[in-house]
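Descriptive analysis of the structure
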Amino acid sequence: MGGQAFGRQLTGTVTTSPTPLVVLPATGGGPVTATDPGITVPGVFSSGTTVVSTQGVESAPGDLAGATSTATVENVAIVGATGLTGFTADSVQSTCTATPAGITGATTIANGSAGGTPVASNPAPNTPIAPPVGFQSITL
């Protein structure tokens, strides 16, 4: 069982690869951590410091039974084609744990809003929210 984590990936008009990216070695261990200072794509997206980490979970010494990966992105802002801000948050954190028993995950959003409307701080995976003008959809 392996693990990986990345902080952000843009697709659409502007495309970026998953950044920063960490991959857990097949032998497990960790944590494997990377930090990125952030990115600004004028009129599209900006973020502050991004920290990602993945770590093996052992059921016994040397027996890799799973992995836990975490990504935290600070000062997130997504801007629409009209120049309006579609989503902002002080930070967005996502955690995923995979074991033979299954996969669990959670997201925590600090001071998030979409078009000025507050969003849940712990949304369920793939939660759609009503998009502000200029956005086709926003899924948390």
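This text goes with the structure placed above it.
Below is a short write-up of the structure. (Residues numbered from 1 in each chain as written. Predicted model: local features only at pLDDT ≥ 70, side-chain atom pairs only at ≥ 80, totals over all residues. Heavy atoms only, no water.)

**Regarding the overall build of the protein**
- Looking only at helices and strands, the protein has zero helices and 13 strands in total.
- Traced from its N-terminal end to its C-terminal end, the protein shows the element sequence β-β-β-β-β-β-β-β-β-β-β-β-β.
- With the C-alpha coordinates aligned to their principal axes, the bounding extent of the protein is approximately 55 × 25 × 25 Å.
- With 140 residues in all, the protein has 31% of them scored as buried.
- Taking the intrachain contacts of the protein between residues at least 6 apart in sequence as the baseline, contacts between residues at least 24 apart amount to 39%.
- Carbon and sulfur atoms make up 56% of the accessible area of the protein, which amounts to about 7700 Å² in all. (Helix = DSSP H or I, 4+ residues; strand = E, 2+ residues; numbered from the N terminus. Buried < 20%, exposed > 50% of the residue type's maximum accessible area, 1.4 Å probe, protein only. Contact = heavy atoms within 4.5 Å. Areas by Shrake-Rupley, 256 points an atom, 1.4 Å probe, with all protein chains shown as cover.)

**Brief notes about the pattern of salt bridges**
- Scanning all chains against the criterion turns up one salt bridge.
- The shortest N-O distance in the salt bridge between Arg 8 and Asp 36 comes to 2.7 Å. Taken together, the residues Arg 8 in strand S1 (residues 4-8) and Asp 36 in strand S3 (residues 32-36) connect sequence positions 28 residues apart. As far as burial versus exposure is concerned, Arg 8 and Asp 36 are alike and both buried. (Salt bridge = Lys/Arg side-chain N within 4 Å of Asp/Glu carboxyl O.)

**Some details on the side chain of Ser 53**
- Structurally, Ser 53 can be placed in strand S6 (residues 50-60).
- With residues near it in sequence (within four places) discarded, Ser 53 still touches Ala 5, Val 22, Pro 31, Val 32, Thr 33, Thr 68, Ser 69 and Thr 70.

**Some remarks on the layout of surface pockets**
- A volume near 1300 Å³ is recorded for the largest pocket.
- Taken together, 43 residues line the largest pocket, and the ones lying closest to its centre are Gly 7, Gln 9, Phe 45, Ile 78 and Thr 139.
- Where the lining of the largest pocket is concerned, the elements lending two or more residues are S1, strand S7 (63-79), strand S8 (85-99), strand S9 (102-110) and strand S13 (138-139).
- Counting residues per element, the lining of the largest pocket draws most heavily on S7, which supplies seven residues.
- Grouping the amino acids of the lining of the largest pocket by side-chain chemistry returns 24 nonpolar, 18 polar and one charged. (1 Å grid on protein atoms, 1.4 Å probe; cavity = no way out; pocket = protein on both sides within 12 Å on 5 of 7 lines; lining within 4 Å. Points joined across faces, edges and corners; volume = space filled by probe spheres on them. Nonpolar A, V, L, I, M, F, W, Y, C, P; charged D, E, K, R; others polar.)

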